[in-house]
Amino acid sequence: MRQVIAGNWKMHGRPDDVSAYAAALAAAAPPATLLICPPFLLLERFAAALAGTDIALGAQDCHWAARGAHTGDIAAPMLAQAGASHVILGHSERRADHAESNAIVRAKAQAAIAAGLTPIICVGETEAERDAGEAADIVTTQLRHSLPDGFAGLIAYEPVWAIGTGRTPGADDITAMHATIRAALAAQLGEAGRALPILYGGSVKPDNAAAILALPEVGGALVGGASLQAADFLAIAASARGH
Ligand code: PGA
């Protein structure tokens, strides 16, 4: 299966940035499936700029309700109509900044699936949890409570302490956690859990991407800071396993 290289622009980017970036992506032919997740405001512009390419578009969050009195929020059907096919849910920044619990992430995933979107559910331990030897328990608990029954989508393993810090876990730690996640998915979802892509995220850069993407059970990368420049994002995608 082709690896998925997903860019999470977070709260970066302006409408003026879209056309050059989209054109650079569209002109490349990396051995990976590309997915770009800009702020909500840029989705429609990206959808127009990427029309006719096989580059996928995602949002960074959605509400758990399909509509209603929720000032400032965005519903999953709106994202689908704006051209998104995917949505990141439960990113650690949302879990921290917006007190999103596993139950909220699960409800959002149900809303996304109902709207025809593919969720990317983020899990990961803090540094204190890793130091306490609790990383595997934390991540499997997050999976157990964040994934709806019959979940079909992607998982992103993002150790909180690796996000935006330039630090990454060692290859053995990434391999061990991805194996833990695979086993948890198989236990939770049966046969379907054996095939879901598990992305790694947290300080993926052009110079470490090949080593990370070569590890077993790494189905791709969720890239924050290094996705903001098309050249860096494409350099990461160029080191993906294309099969
Ligand atoms: P980073 O962010 O690549 O800037 O560490 C990854 C993420 O939070 O998805």
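Refer to the structure presented above.
To start, this report covers the structure provided alongside it. (Residues numbered from 1 in each chain as written. Predicted model: local features only at pLDDT ≥ 70, side-chain atom pairs only at ≥ 80, totals over all residues. Heavy atoms only, no water.)

## As for the environment of methionine 78
In step 1: Along the chain, methionine 78 turns up in helix 3 (residues 76–82).
In step 2: Judged by relative accessible area, which is 47%, methionine 78 ranks as partly exposed.
In step 3: Along the sequence, methionine 78 and methionine 1 sit 77 residues apart, while their C-alpha atoms lie 30 Å from each other. (Helix = DSSP H or I, 4+ residues; strand = E, 2+ residues; numbered from the N terminus. Buried < 20%, exposed > 50% of the residue type's maximum accessible area, 1.4 Å probe, protein only.)

## Comments concerning the pattern of salt bridges
Here the idea is simple: oppositely charged side chains can pair when their charged atoms come close.
In step 1: Tallying each qualifying case throughout the model produces 11 salt bridges.
In step 2: One salt bridge connects glutamate 191 with arginine 194, and the closest N-O pair in it is separated by 3.4 Å. Per residue, the accessibility class of glutamate 191 equals that of arginine 194, and both read exposed.
In step 3: Connected through salt bridges with shared partners, the residues Asp61, Arg94, Glu100 and Lys108 form a single ionic network. (Salt bridge = Lys/Arg side-chain N within 4 Å of Asp/Glu carboxyl O.)

## With respect to the sheet that holds strand 8 (residues 220–223)
In step 1: Read around the barrel, eight strands follow the order 1-2-3-4-5-6-7-8 and close on themselves; strand pairing throughout is parallel. Across the sheet, the mean angle from the axis of one strand to that of its neighbour is 25°, orientation sign disregarded. (Pairing = 2+ DSSP bridges. Axes fitted to C-alpha atoms, helices over the stretch in contact; angles between N-to-C directions.)

## Thoughts on the pairing of strand 5 (residues 118–123)
In step 1: Burial analysis of strand 5 places five of its six residues in the buried class, the great majority of the element.
In step 2: Inspection of the sheet shows strand 4 (residues 86–89) paired to strand 5 by four bridges, in the parallel sense. Counterpart to valine 87 in the pairing with strand 5 is proline 119.
In step 3: Bridging between strand 5 and strand 6 (residues 154–157) involves four bridges; their strand directions are parallel.

## Remarks on the packing of aromatic side chains
In step 1: According to the stated counting rule, one finds four aromatic pairs in the structure shown.
In step 2: Measuring from ring centre to ring centre gives 5.4 Å for tryptophan 9 and phenylalanine 46, while their planes differ by 80°; the resulting arrangement is edge-to-face. Of this pair, tryptophan 9 sits in the loop between strand 1 (3–8) and helix 1 (18–27) while phenylalanine 46 is found in helix 2 (residues 43–49), placing the two residues 37 residues apart along the sequence. As far as the burial class goes, tryptophan 9 and phenylalanine 46 line up, both buried.
In step 3: The interplanar angle of 85° and the centroid separation of 6.0 Å between the aromatic rings of tyrosine 21 and phenylalanine 46 together place this pair among those described as edge-to-face. Linking tyrosine 21 in helix 1 with phenylalanine 46 in helix 2, this pair joins segments that are 25 residues apart in sequence. Take tyrosine 21 and phenylalanine 46: they sit in the same class, and that class is buried.
In step 4: Feature note: the residues Trp9, Tyr21 and Phe46 constitute an aromatic cluster, connected by ring pairs. (Phe/Tyr/Trp six-rings, centres within 6.5 Å; stacked < 30°, edge-to-face > 60°.)

## Points about the packing of helix 7 (residues 135–146) against helix 8 (residues 171–189)
In step 1: Remark: helix 7 packs on helix 8, axes separated minimally by 10 Å, with the N-to-C direction vectors making an angle of 35°. Two packed elements cross with a definite hand, and for helix 7 against helix 8 that hand is right-handed. Residue-level inspection shows Ala135, Ala136, Val139, Thr140, Leu143 and Arg144 of helix 7 in contact with helix 8, the latter providing Met177, Thr180, Ile181, Ala184, Leu185 and Gln188.
In step 2: Its residues placed into classes, the contact of helix 7 with helix 8 shows eight nonpolar, three polar and one charged. (Left-handed = near helix turned anticlockwise from the far one by under 90°. Contact = heavy atoms within 4.5 Å. Nonpolar A, V, L, I, M, F, W, Y, C, P; charged D, E, K, R; others polar.)

## Focus on the environment of alanine 240
In step 1: Structurally, alanine 240 can be placed in the segment after helix 10 (230–238).
In step 2: In this structure the C-alpha to C-alpha distance between alanine 240 and alanine 109, which are 131 residues apart in sequence, comes to 27 Å.
In step 3: Setting aside its immediate chain neighbours within four residues, alanine 240 contacts Gln3, Ile5, Pro31, Ala32 and Leu213.

## What about the site of the ligand?
In step 1: The immediate surroundings of the ligand are formed by 13 residues, with Lys10, His91, Glu158, Gly164 and Ser203 found nearest.
In step 2: At 2.8 Å from an oxygen atom of the ligand is found a side-chain nitrogen or oxygen belonging to lysine 10.
In step 3: Glycine 224 places a main-chain nitrogen or oxygen 2.8 Å from an oxygen atom of the ligand.
In step 4: In the complex, 97% of the free accessible area of the ligand, which totals 280 Å², lies under the protein chains. (Near = heavy atom within 4 Å. Polar contact = N/O pair within 3.5 Å; in protein donor to acceptor, adjacent residues only side chain to side chain. Areas by Shrake-Rupley, 256 points an atom, 1.4 Å probe, with all protein chains shown as cover.)

## A look at the state of the cysteines
Such a bond, covalent and formed between the sulfur atoms of two cysteines, is termed a disulfide.
In step 1: This structure, assessed with the given rule, holds zero disulfides.
In step 2: The thiol of cysteine 62 is not disulfide-bonded; the next cysteine sulfur, from cysteine 37, is found 12 Å away.
In step 3: Exposure remark for cysteine 62: the relative accessible area of 1% places this residue in the buried category.
In step 4: There is no disulfide at cysteine 122, and the cysteine sulfur nearest it, in cysteine 37, is 9.3 Å away. (Disulfide = S-S within 2.5 Å.)

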